[in-house]
Amino acid sequence: MVKISQVRIRPLVLPLKLPYHWSYGIRESFAVNLIEIEADNGMVGIGECTVAPDQAGTAAILRRLTSHLVGQSPYDVAPLIARIFHQDYLGHGANIMRAANQMFSGVDMAMWDLQGKLAGLPVHRLLGGAHRQAVGYFYFLQGETTEELARDAAAGRARGERVFYLKVGRGEKLDLEITAAVRREIGDARLRLDANEGWSVHDAINMCRKLDKFEIEFIEQPTVSWSIPAMAHVRQAVGIPIVADQAAFTLYDVYEICRQRAADMICIGPREIGGIQPMLKAAAVAEAAGLKICIHSSFTTGITTCAEHHIALAIPNLDDGNQIMWQLVQKDIVASPDLDPKQGWIEALQGAGLGFELDADLVGDGERRFAEAA
Ligand SMILES: [Mg+2]
């Protein structure tokens, strides 16, 4: 039986095409920790995870967590991760499931990539098979000013995009101005807003009243993520559908949101819930509550896009405007396949594992940039 022989953690810094504007400020680059899990037959599974709050610090944590994998079977991903969480987090009194999930997400991803490569099958076939032949994605509007955002909206409309997504929570005047400008440019296409916890309950209710005339499909995470009742309060008071994002990080959050009927859909991704297999559990809880899952994405390369794509194929209750983020990076480290949605759709990936090939030179550039900044 194949065993894991070594694990490499490689911190990367990847500059963006444009500065990224949202309610938390401005970003110029995405940072990821690349995880390579090598089997004793030479096959390598690849994943990546987020680096908050510190890239070198999270790389050190990943090295410690993944040291327990050496000599183990890549097919034991779920019990291995459960055991490591128990020993290295709970055993030290560190009941910080959200932070742990962010680390395990990339480990789980690499383990499934390795399993798929060993089996010669795409990951979605190992998860029970595809419910659909293609996955639908949003068009993420980029820009700082009303003019820049309107120009991007017109470009998206010309590309035949179906679902537009705009960051708000940047102040009432600007929020109303950019929403009006985008609605003018996109005609009757679908428009989703994300306030990223930027509003109080009172602000959110008032903003929803003012935004209603722009035919908003939903507003994502209007209020602070720690309070599921705050989101439920807004949802009961307004007509615009509400979607939970930052409030939904663990399986227990998903259950509580469903139980309190606090959202009309749940936006969650492998980076929050802890990987590919935990996403199936989150989707199952939401399915039982009659809710769809919109795959969440944040600051990723095409590696996470591929993982999210296989999840999206494998869960029954999926939205058709899922999030995708690699396109914001100047040069994505995924060399193939083509991950650019066509009119918002990507066909089912059929390569073994997660189904991507990396550009080794771009990975090297990302490592150099991290080393220079450190
Ligand atoms: Mg969001």
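Every chain is numbered independently, its residues counted from 1 as its sequence is written. For this predicted model, a pLDDT threshold of at least 70 governs which residues receive local features, and a threshold of 80 or more governs which side-chain atom pairs are given and counted, while totals over whole chains, interfaces and linings are taken from all residues. For side-chain calculations, the full set of non-hydrogen atoms in the structure is used, while hydrogens and water are omitted.

Concerning the sheet that holds strand β8 (residues 218–220)
Then comes step 1: Pairs of strands are assigned from DSSP output, requiring at least two bridges between the strands. Numbering of helices and strands runs from the N terminus, with a helix taken as a DSSP run of H or I at least four residues long and a strand as a DSSP run of E at least two residues long. Taking strand neighbours across the sheet as the criterion, the 7 strands line up as β5-β6-β7-β8-β9-β10-β11 in an open arrangement whose pairing is parallel. Each end of this open sheet is capped by a strand with a single partner; those strands are β5 (139–140) and β11 (293–295).
Then comes step 2: Direction of pairing for strand β9 (residues 242–244) relative to strand β10 (residues 265–268): parallel, over a ladder of 2 bridges. By the bridge assignment for β10, Val-243 is matched with Met-265.

Quick notes on helix α13 (residues 360–373)
Then comes step 1: The end-to-end C-alpha separation of α13 is 20 Å, in line with the 20 Å expected for 14 residues at 1.5 Å each.
Then comes step 2: Contacts were defined at the residue level, with two residues in contact if any of their heavy atoms lie within 4.5 Å. On its buried side, α13 packs onto β1 (4–22), β2 (25–39), α1 (55–67) and β14 (357–358).
Then comes step 3: N-cap assignment for α13: the residue whose side-chain oxygen lies 3.0 Å from the backbone N of Asp-361 is Asp-359. Here a helix's expected span is defined as the number of its residues, less one, multiplied by 1.5 Å. Polar contact is defined as a pair of N or O atoms within 3.5 Å, subject to the rule that within protein one atom must be able to donate a hydrogen and the other to accept it, and that residues adjacent in sequence are counted only when both atoms are side-chain atoms.

Some points on the nonpolar core
Then comes step 1: Counting 119 residues, the largest nonpolar core has Ile-37, Leu-166, Leu-211, Ile-219, Ile-257, Ile-266 and Ile-276 as its most contacted members.
Then comes step 2: The greatest single-element share of this core, amounting to 9 residues, is contributed by helix α3 (residues 97–119).
Then comes step 3: Two domains each put at least three residues into this core: domain 1 (4–124 + 359–373) and domain 2 (125–357).
Then comes step 4: Not counting residues up to four positions away in its chain, the partners in contact with Ile-276 are Asp-108, Met-109, Trp-112, Val-123, Leu-127, Pro-270, Ala-307, Ile-311 and Leu-354.
Then comes step 5: One finds Phe-218, Val-243, Cys-267 and Cys-294 within the second-largest nonpolar core, a separate group that totals 5 residues. For our purposes a nonpolar core is just a set of buried Ala, Val, Leu, Ile, Met, Phe, Trp, Tyr and Cys residues, chained together by side-chain atoms within 4.5 Å. Summary of the burial criterion: residues with accessible area below 20% of their type's maximum are buried, those above 50% are exposed, and those between are partly exposed, where the area comes from a 1.4 Å probe applied to protein chains only. The split of the chain into domains comes from an automatic or database domain assignment.

Notes on the packing of helix α9 (residues 251–259) against helix α11 (residues 276–288)
Then comes step 1: Angles shown run from 0 to 180 degrees and are taken between the N-to-C directions of axes, each axis being a line fitted to C-alpha atoms and, for helices, limited to the stretch in contact. Axis separation between α9 and α11 bottoms out at 9 Å; the angle between their running directions is 10°. Taken as axis vectors, α9 and α11 run roughly parallel relative to one another. The segment α9 lies against α11, with Leu-251, Val-254, Tyr-255 and Cys-258 engaging Lys-281, Ala-282, Val-285 and Ala-286.
Then comes step 2: Split by residue class, the contact of α9 with α11 holds 7 nonpolar, no polar and 1 charged. Convention used here: angles under 35 degrees read as roughly parallel, angles over 145 as roughly antiparallel, angles from 65 to 115 as roughly perpendicular, and any remaining angle as oblique. Polar here means any residue outside two lists: the nonpolar Ala, Val, Leu, Ile, Met, Phe, Trp, Tyr, Cys and Pro, and the charged Asp, Glu, Lys and Arg; Gly therefore counts as polar.

Brief notes about the pairing of strand β3 (residues 44–49)
Note on strand geometry: in a regular strand, side chains alternate between the two faces of the sheet.
Then comes step 1: Among the 6 residues in β3, 5 count as buried, and that is most of the element.
Then comes step 2: Taken together, the 6 bridges between β2 and β3 define a ladder with antiparallel strand orientation. From the neighbouring strand, Ile-37 faces β3, where its bridge partner is Gly-45.
Then comes step 3: Here β2 folds back onto β3 in antiparallel fashion, the turn holding 4 residues, of which Gly-42 has a positive phi close to 95°.

Looking at unusual backbone geometry
Then comes step 1: Look at the link from Ala-52 to Pro-53: it is a cis peptide, with omega at 0°.
Then comes step 2: Of note, Pro-53 is situated in the loop between β3 and α1.
Then comes step 3: That bond from Ser-336 to Pro-337 is cis: its omega, 0°, falls within 30 degrees of zero.
Then comes step 4: Positive phi, normally seen in glycine, also occurs at Gln-221, with a value near 35°.

Here we look at the UniProt feature "domain: Mandelate racemase/muconate lactonizing enzyme C-terminal" (unreviewed entry) in the protein
Then comes step 1: UniProt positions are given in the numbering used here, feature names are shortened, and annotations may be inferred rather than shown by experiment. Per the UniProt record, "domain: Mandelate racemase/muconate lactonizing enzyme C-terminal" (unreviewed entry) is annotated on residues 146–241.
Then comes step 2: End C-alpha to end C-alpha, residues 146–241 measures 24 Å, and it is 51% helix and 14% strand.

A word on the sheet that holds β3
As a general point, the strands of a sheet are linked pairwise by backbone hydrogen bonds and lie either parallel or antiparallel.
Then comes step 1: Ordered by their spatial adjacency, 3 strands build an open sheet running β1-β2-β3, and the pairing between neighbours is antiparallel. Each edge of the open sheet is held by one strand with a lone partner, namely β1 and β3. Adjacent strand axes in the sheet meet at a mean angle of 20° when their direction is disregarded.
Then comes step 2: Running at roughly 80° to β1, α13 makes contact with β1 and β2 of the sheet.

Remarks on helix α7 (residues 201–211)
Then comes step 1: Of the positions making up α7, those classed as buried are Ala-204, Ile-205, Met-207, Cys-208 and Leu-211. The buried residues of α7 all sit within an arc of 165° when viewed along its axis, so they share a single face. Counted as exposed and oriented over 90 degrees from the buried face of α7: His-202 and Arg-209.
Then comes step 2: Buried positions along α7 lie against α6 (172–186), β7 (190–194), β8 and α8 (228–237). Each C-beta atom gives one direction from the helix axis, and the arc is the one those directions make.

Section: the pattern of salt bridges
Then comes step 1: Salt bridges are defined by distance alone: a side-chain nitrogen of Lys or Arg within 4 Å of a carboxyl oxygen of Asp or Glu. Across all of its chains, the model carries 24 salt bridges by this definition.
Then comes step 2: Residue Arg-159 is joined to Asp-340 by a salt bridge in which the shortest nitrogen-to-oxygen separation is 3.5 Å. With a gap of 181 residues between them, Arg-159 in the loop between α5 (146–158) and β6 (163–167) and Asp-340 in the loop between β12 (334–336) and β13 (345–347) connect regions that are remote in the sequence.
Then comes step 3: We classify Arg-159 as partly exposed; its relative accessible area is 35%.
Then comes step 4: Across the salt bridge formed by Glu-217 and Arg-190, the nearest N and O atoms sit 3.2 Å from each other. Here Glu-217 is found in the loop between α7 and β8, whereas its partner Arg-190 is found in strand β7, with 27 residues between them in sequence.
Then comes step 5: With a relative accessible area of 25%, Glu-217 lands in the partly exposed category.
Then comes step 6: Sharing partners across several salt bridges, the network here consists of Arg-162, Arg-190, Arg-192, Glu-217, Lys-292, Asp-319 and Asp-320.

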